[in-house]
Amino acid sequence: MKVLFMGTPEFAAVSLRRLAKEKDLRISVVTQPDRPQGRHMILTPSAVKKEALAHGFPVFQPESLKDGAFMETLAAVNPDLIAVVAYGKLLPEYILDYPRLGCINLHGSLLPAYRGAAPIQRMVMDGVKIYGVTTMYMGKGLDTGDMLEKWSARLQDDDDFGTVSDRLSKEGAELLLSTVRKAEEGTLHPIPQKEEEATYAPKIGKADCFLNFEGSAREAHNRIRGLFPVPLAYTVLAGKTLKILKSEIDCEKGNGEEPGRVLHCDERGILVACGEGRLRLLTVRPEGKGTMSAADFIKGRGILQGQKLGH
RNA sequence: CGCGGGGUAGAGCAGUCUGGUAGCUCGUCGGGCUCAUAACCCGGAGGUCAUGUGGUUCAAAUCCCAUCCCCGCAA
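Residues numbered from 1 in each chain as written. Chains lettered and ligands numbered in written order. Predicted model: local features only at pLDDT ≥ 70, side-chain atom pairs only at ≥ 80, totals over all residues. Heavy atoms only, no water.

Things to note about the sheet that holds strand E5 (residues 59-60)
- Here we have seven strands laid out as an open sheet, ordered E5-E2-E1-E6-E7-E8-E9, and mixed in their pairing. Both outer strands of the open sheet, E5 and strand E9 (147-154), are each paired with one neighbouring strand and no more.
- Packing against the sheet, helix H3 (residues 68-77) makes contact with strand E1 (2-7), strand E2 (26-30), E5 and strand E6 (81-85), and its axis sits at approximately 145° to E1. (Pairing = 2+ DSSP bridges. Helix = DSSP H or I, 4+ residues; strand = E, 2+ residues; numbered from the N terminus. Contact = heavy atoms within 4.5 Å. Axes fitted to C-alpha atoms, helices over the stretch in contact; angles between N-to-C directions.)

Below, the structure written as structure tokens:
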């Protein structure tokens with residue numbers, strides 16, 4: 001069976017790696033063009049491209065899917081099925097209609113909740129009870145297609161974006177393979193999404209990462225772990241950004257203290273008043289410095305107690 | 001070559017502008033105080049100041065040059 005795999009980040013590369021173990025699949029890969037990335041704007045290939053090259057799969061990196069050039073590529077590859085995982089662009093209708101067995105997408109949430117670009121971060125930031133992944137036939141809209149298979153688990157207190165993403169990429173890869181096999185056999189049972197239950201998970205922006213402690217301690221804690229290990233939540237201390245990597249909830253009840261005020265500093269961390277409850281910062285990264293425990297941050301910088309975080 | 005901050009004792013920092021004996025907080029080791037202690041007091045050990053056996057100088061953590069590494073912004 002000829003499969004065209006479309007994906008870009010590491011989350012997608014895990015699925016590609018899994019499919020690559022299936023010797024009967026003839027895989028071609030489409031991924032985003034290399035982009036200048038990082039501190040020195042170095043042209044960097046996507047995680048999926050690296051994975052594809054490691055297996056010797058043909059790789060295509062069209063700037064656009066809408067012009068004629070990609071039509072020729074599609075015709076040349078002539079896939080029986082297209083598998084899409086976090087590719088980063090909506091597919092035009094002619095592609096959706098092309099493969100005989102359809103276009104199957106792996107999405108990082110339990111649809112119809114958290115449609116969109118950043119479902120995993122948003123699930124953790126919202127502190128959902130159950131998280132999961134869904135495979136679906138791709139529709140014209142954003143993550144609107146009929147659902148095929150799901151996998152889910154309970155969100156643990158110590159989970160963060162990193163652990164959940166890691167788990168979902170692995171379980172999602174198995175789920176995608178399962179769905180691909182069932183598509184091949186013709187044993188899938190598509191279930192339409194209930195539009196009225198749909199929610200959206202837009203891309204994470206800078207504003208999503210800012211923490212001013214005005215919400216509850218639990219909200220702040222969920223934001224911090226939902227953004228760990230990237231791109232990280234941050235606040236502002238004395239005019240400089242302070243990234244926050246780890247935290248714990250000290251208490252959840254309101255106590256009328258000014259949000260963002262540093263109440264106490266000791267070897268356990270930095271205790272901060274929130275709109276509701278108190279949060280203890282455990283691991284931070286000051287501007288221009290490396291990651292350090294909050295206790296280390298306190299040393300050498302004098303007392304932080306009474307200072308205000310967030311502006 | 002996108003812009004910028006940083007690399008000093010096990011950890012976190014000051015000292016660099018204005019070259020001249022290596023400092024602070026904590027940890028660690030020893031001693032003291034105490035019914036006792038994570039508290040307090042006294043003392044000790046621990047540093048080629050990222051790298052170059054680079055340049056300038058009577059003298060370099062400090063000024064100049066090159067390289068490596070970490071981080072913030074931007075994308």
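A word on the environment of Glu267
- Note on placement: Glu267 falls in the loop between strand E12 (262-266) and strand E13 (269-273).
- Distance in space between the C-alpha atoms of Glu267 and Leu282 is 9.5 Å, their sequence separation being 15 residues.

Brief notes about the pattern of salt bridges
- Under the counting rule described, the total for this entry stands at 24 salt bridges.
- When the shortest N-O distance is used, the salt bridge between Asp160 and Lys246 registers 3.6 Å. With Asp160 in the loop between E9 and helix H6 (161-185) and Lys246 in strand E11 (residues 240-251), this pair connects stretches of sequence that are 86 residues apart.
- Here Asp160 falls in the buried class, since its relative accessible area comes to 6%.
- Classification of Lys246 by relative accessible area gives partly exposed; the value is 34%.
- Because the salt bridges share partners, they merge into one network encompassing Arg18, Glu22, Asp24, Glu174, Arg181 and Glu184. (Salt bridge = Lys/Arg side-chain N within 4 Å of Asp/Glu carboxyl O. Buried < 20%, exposed > 50% of the residue type's maximum accessible area, 1.4 Å probe, protein only.)

What to know about the pairing of strand E8 (residues 130-137)
- Counting buried positions over the eight residues of E8 gives six, a clear majority of the element.
- Relative to E8, strand E7 (residues 103-107) is paired through four bridges, and the arrangement is antiparallel. The residue bridging Ile104 from the neighbouring strand is Tyr137, located in E8.
- In terms of strand pairing, E8 meets E9 through seven bridges, oriented antiparallel. Note that in E9 the partner of Thr135 across the bridge is Glu149.

So, the side chain of Asp80
- Relative to the helices and strands, Asp80 is located in the loop between H3 and E6.
- In this structure the side chain of Asp80 is engaged in a polar contact, spanning 3.2 Å, whose partner is the side chain of Arg100.
- In this structure Asp80 touches Met1, Lys2, Pro99, Arg100, Leu101 and Gly102, once residues within four positions along its chain are discounted. (Polar contact = N/O pair within 3.5 Å; in protein donor to acceptor, adjacent residues only side chain to side chain.)

Points about the domain arrangement of chain A
- Examined at the domain level, chain A breaks down into domain 1 (2-197) and domain 2 (206-299).
- In this structure, domain 1 and domain 2 have C-alpha centres spaced 34 Å apart.
- With 14 residues of domain 1 in contact, the opposing surface of domain 2 contributes eleven residues.
- Summed over both partners, the interface of domain 1 with domain 2 comes to about 880 Å²; 50% of that surface belongs to carbon and sulfur atoms.
- The largest per-residue losses of area from domain 1 upon contact with domain 2 belong to Met125, Asp160 and Phe161, which jointly make up 53% of the total buried on that side. (Domains from an automatic or database assignment. Buried area = accessible area lost by both parts, 1.4 Å probe.)

Here's the deal with helix H2 (residues 47-55)
- Looking at H2, one finds that the buried residues are Val48, Lys49, Glu51 and Ala52. End-on view of H2: buried residues confined to an arc of 165°, all on one side of the axis. Facing away from the buried surface of H2 by more than 90 degrees, the exposed residues are Leu53 and Ala54.
- At its buried positions, H2 is contacted by E1, helix H1 (10-20), E2 and E5. (Arc of directions from axis to C-beta.)

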